[in-house]
Amino acid sequence: MDFARPGTPTRVRVPEPGLGDPADPWRPSRLRLVCLDIDDTLIDFTSAGKRALSLLLGRDDMWPLWERITDWHVAQVVAGEIDYACMHHRRTQYFLAEIGIVVEPEDVTRFECRRKEVLRRSWRLFDDVLPCLEWLRAADVLIAAVTNASGAHQRAKLADLGLTRFFDHLAIAGEVGAAKPDPVMFHSVCAVLDCDPGEAAHVGDKLHTDAVGARDAGLEGIWLDRSGGEPEVPDGVHVIGGLDELPQLLVSEFAMIGVPAQR
Ligand SMILES: [Mg+2]
C-alpha cells in the first residue's frame, strides 16, 4: 500500500470523453482505477460532526454555520497559508466567536480536543461500504481515497474502521497542494498510480466538488446522492443512490470492468 505523499503532481494526458482504444474502436477503454471520497461517501461524517457539536453546545442547529466556516478555513490550507492544526484552532475560535462565545486560546484547544474525542468515537461506515470495496478488490482495480480533509484525521479514520487495507493510495488536498474540484487533485492520483484519467472513475457525495470536478478532469464523474434530492444533474455525470449501485454501474454502463470486450 502506498500512503506516501504524492509529491509534485505530474501532468497527464486528458483524453476526449467517451473514446475507447483508438486501435480497436469497438473495445471500450478499460477501467483501472476507482477513486472514492471519504467523508459522507465512506464514513457518515455529517452525523458524527453534528453529534459532537450538539453534545458540546447543548443545541443542534449549528452544523450549517460550522460547515461554512470550515470550508473557508480549509481553503486557506489548500492555498498553503496555514496548516491543518492551525486551521482547526482558528476555525473553532472563529466559530465560537460567531455564536457569541468569547474564550481564551486554551479554551479553544480544550473545545477542539473534546470535539475530536467525540468525533472519533462516533465514526461509522455506511452499510454499503465494505461490500463495495470487497467487490472492487475482487474486480482487480486500483482503489484510491481522495479527500480535501486533514491527512492525520483521514488516516486515523481509515485505520480505526479497518479500511486501510483496501486502498492503493490516499490523496490529501493539503499534501497535494490542490483540492477537489481542481483537476490537479485528480490528475495527481492518476499520476501516482500510473493511470490515464480516461481509465479512472471518481465517486463522491458532493455534486460539484466530486462528480463535476472529476468529469472536468477527464475521469468518469459519479455523484453519490444518498438523499436523492437533486432535481438536475449536469451532463456527463453519473448518479447512484448508494455504493451498492456502483458495481452495476461500472459493469453495465461503462462495460469496462469484469467482462471481456464485446464486438
Ligand atoms: Mg464528501
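Up top you'll find the structure we're talking about.
Residues numbered from 1 in each chain as written. Predicted model: local features only at pLDDT ≥ 70, side-chain atom pairs only at ≥ 80, totals over all residues.

Undergrad: Explain helix α3 (residues 84–98) here, please?
TA: In an α-helix, one turn spans 3.6 residues; hence positions three or four apart end up facing the same way. Compared with an ideal rise of 1.5 Å per residue, which puts 15 residues at 21 Å, α3 spans 20 Å between its outermost C-alpha atoms and is within 8% of the ideal. Close packing links the buried residues of α3 with α2 (63–78), α4 (105–122), α6 (151–160) and α7 (173–176). (Helix = DSSP H or I, 4+ residues; strand = E, 2+ residues; numbered from the N terminus. Expected span 1.5 Å × (residues − 1). Contact = placed C-beta atoms within 7 Å.)

Undergrad: I would appreciate a short explanation of the pairing of strand β4 (residues 200–204) in the present structure.
TA: Side chains on a regular strand alternate between the two faces of the sheet. Judged by how many residues are buried, β4 sits mostly within the fold: five of five residues are covered. Where burial is concerned, the two faces of β4 agree: the one with Ala200, His202 and Gly204 and the one with Ala201 and Val203 are both buried. Alignment of strand β1 (residues 33–36) against β4, held across four bridges, turns out to be parallel. Opposite Cys35, over in β4, you have His202 as the bridge partner. Pairing analysis gives four bridges linking β4 to strand β5 (residues 220–224), with the strands arranged parallel. The residue bridging His202 from the neighbouring strand is Gly221, located in β5. Handedness of the crossover joining β4 and β5 through helix α9 (residues 207–216) is recorded here as right-handed. (Buried ≥ 20, exposed ≤ 12 C-beta atoms within 10 Å, placed from the backbone. Pairing = 2+ DSSP bridges. Right-handed = clockwise from strand over helix to strand, strands pointing away.)

Undergrad: Is there a simple way to think about unusual backbone geometry in this case?
TA: Excluding glycine, a negative phi dihedral is what most residues carry, and trans is how most peptide bonds are arranged. Omega for the peptide link from Lys180 to Pro181 comes to 10°, which places this bond in the cis form. Positioned with a positive phi, Asp140 is a non-glycine residue whose angle comes to about 65°. Inspection of the secondary structure puts Asp140 in the loop between α5 (129–138) and β2 (142–147). Despite not being glycine, Asp194 has its phi angle at roughly 55°, a positive value. With respect to the helices and strands, the residue Asp194 is situated in the loop between α8 (183–192) and β4.

Undergrad: Just to check I follow, could you spell out the pairing of β5 for this structure?
TA: With five of its five residues buried, β5 lies for the most part within the structure. Residues Glu220, Ile222 and Leu224 of β5 are buried on one face, and the alternating residues Gly221 and Trp223, pointing to the opposite face, are buried as well. Taken together, the four bridges between β5 and strand β6 (residues 237–240) define a ladder with parallel strand orientation. Each residue of the ladder has a partner; that of Trp223, found in β6, is Val239.

What is shown is where atoms sit, not what they do.
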